[in-house]
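# Coordinates in review
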Amino acid sequence: MSDIVPPEVRPKPVVPAKPPNVGAPSPSSPFPPQGPGIGGGGGVSLPPSAIPVPIGSHGHSVGHNVGHGVGHGVGHGVGHGAGHVGGHTAAHNGSHGHGDSNSSSGGSTLLGYIGIDTIIEQMRKKTMKTGFDFNIMVVGHSGLGKSTLVNTLFKSQVSRRSAGWARDEKIPKTVDIKAVSHVLEEGGVKMKLTVVDTPGFGDLINNDNCWEPISKYINEQYEKFLKEEVNITRKKRIPDTRVHCCLYFITPTGHSLRPLDIEFMKRLSHSVNIIPVIAKADTMTTEERQEFKQRVRKELEMGGIEFYPQKEFDEDMEDKSDNDKIREAMPFAVVGSDKEYQVNGKRVLGRKTAWGIVEVENPNHCEFAQLRDFLIRSHLQDLKEVTHNIHYETYRAKRLNENGGLHPISSNDTQESNL
């Protein structure tokens, strides 16, 4: 066996740092010791002017151990030049003997694809199978187009039957709660949508405490979820009937909010996500609409009413920047319609008037497109998380404190606990 020394590699005039796993160079020994010392912690002696190449050991083992273990340890000047020369020369020219490839430090680096990014794909597949739940409540006077707007949002007949009362039907004396559920599918994604309507709200002469049935319904859904959570044997997937979003329809008077509007939003803003919208915005001019929006925002601020998205729930600066733009545009002035018309060769949703067609999805005509993007495309999941982590947790903590915080709630307990 003969020893081959490659041509001399002159390093840069920098004093190389002494790595912890490389011994002090010995002038009397021009070659590194054979055996476990190569690439390990046994010490490797090298002259600063040449890198030896041992032949006869395993090519890849010695090549990588010498090239990377020594090359990177002696410094960038020698390591990148001599380390690769010695490593690749030994790897390609050496015979396939059995060298020592188990190095404790300075050994070969583990390279390759692990697959951590597939977690997102795993979650997607799992949620595609289980589907999603989303529960939306609409509150407002009769005739403001609540059902039509919900149908326009999801482009399906998802609300109750057409607005208005039949002649043989009695007008309810109190607010009636009606919940209708549908399963929508788009692009293979299934969502169980529940629309909770509140017919009779604000329609009577005396509207004292007309928000109490709505508040009671919201808390009843929290109570159902809480009872399922505290059971000893729980369901694998608890049915979620909690109200994730409440669209409150403001009458387009152009003047100010009514006392009933302020009182309702003040009492329920801490138990549900309230999103105020101005209904039938096509009844106002552009200037009137802008002035009315500013007046409504000012009255909400003076009344201490918090609507979604709340400032204290912004997680980072990016969320704060996006939500600030949304808060400046609220309340959204919207127009709903489930009828199509031909405009410039295209079929569009709109309302036909004597002077033209009001296009629902045209940002120049109304802010319906902004509301839809905000409600469904960007903040739907956040609405659910705020409902669970903020509003439901507030109810849960209050309810358990009333119950002592230790004993599970029995099925006979009352559920008339209002926040």
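Now for a look at the structure at hand. Source: prediction; values computed, not measured.

### A look at the overall build of the protein
Looking only at helices and strands, the protein has ten helices and nine strands in total. For the protein, the share of sequence-separated contacts (at least 6 apart) that also reach a separation of at least 24 residues comes to 69%.

### Brief notes about the pairing of strand β4 (residues 245–250)
In terms of burial, β4 is a largely internal element, six of the six residues being buried. The parallel pair β4 and strand β5 (residues 274–278), bridged by helix α6 (residues 259–268), forms a crossover whose chirality is right-handed.

### Section: helix α10 (residues 380–402)
Structurally, the α-helix is built with 3.6 residues per turn, so residues lying three or four positions apart point the same way. Here α10 contains 23 residues, and its C-alpha end-to-end distance of 32 Å stays within 8% of the 33 Å for a straight helix at 1.5 Å per residue. Along α10, the sharpest kink reaches roughly 35°, centred on Tyr-392. Among the residues of α10, Leu-380, Leu-383, Lys-384, Val-386, Thr-387, His-391, Tyr-392, Tyr-395, Arg-399 and Leu-400 are the ones counted as buried. Where α10 is buried, its residues contact β1 (132–139), β3 (189–197), α5 (212–230), β4, β5 and α9 (368–378).

### Regarding the nonpolar core
In this structure, Leu-247, Phe-264 and Ile-275 are the most contacted members of the largest nonpolar core, which totals 72 residues. When near neighbours in sequence (up to four residues on either side) are disregarded, Ile-275 contacts Cys-245, Cys-246, Leu-247, Tyr-248, Tyr-308, Met-330, Leu-371, Phe-374, Leu-375 and Leu-383.

### A few points about the sheet that holds β4
The mixed open sheet is built from six strands, whose spatial order is β2-β3-β1-β4-β5-β6. Two strands in the sheet have a free side with no partner beyond their single neighbour: β2 (178–186) and β6 (332–333). Along the sheet, helix α4 (residues 146–154) makes contact with β1, β2, β3 and β4, crossing β3 at roughly 170°.

### With respect to the pairing of strand β8 (residues 346–353)
In the sheet, strand β7 (residues 340–343) pairs with β8 via four bridges, with the strands oriented antiparallel. Within the sheet, the bridge partner assigned to Glu-340 lies in β8 and is Leu-349. The hairpin formed by β7 and β8 contains two residues between the paired strands, and Asn-344 there has a positive phi angle of roughly 55°. When β8 meets strand β9 (residues 356–359), the two strands line up antiparallel, connected through four bridges. From the neighbouring strand, Arg-351 faces β9, where its bridge partner is Val-358. Linkage of β8 to β9, two consecutive antiparallel strands, is achieved through a turn of two residues.

Calculation criteria
- Residues numbered from 1 in each chain as written.
- Predicted model: local features only at pLDDT ≥ 70, side-chain atom pairs only at ≥ 80, totals over all residues.
- Heavy atoms only, no water.
- Helix = DSSP H or I, 4+ residues; strand = E, 2+ residues; numbered from the N terminus.
- Contact = heavy atoms within 4.5 Å.
- Buried < 20%, exposed > 50% of the residue type's maximum accessible area, 1.4 Å probe, protein only.
- Right-handed = clockwise from strand over helix to strand, strands pointing away.
- Expected span 1.5 Å × (residues − 1).
- Bend = angle between axes of the 7 residues up to and from the residue.
- Core = buried A, V, L, I, M, F, W, Y, C linked by side-chain atoms within 4.5 Å.
- Pairing = 2+ DSSP bridges.
- Axes fitted to C-alpha atoms, helices over the stretch in contact; angles between N-to-C directions.

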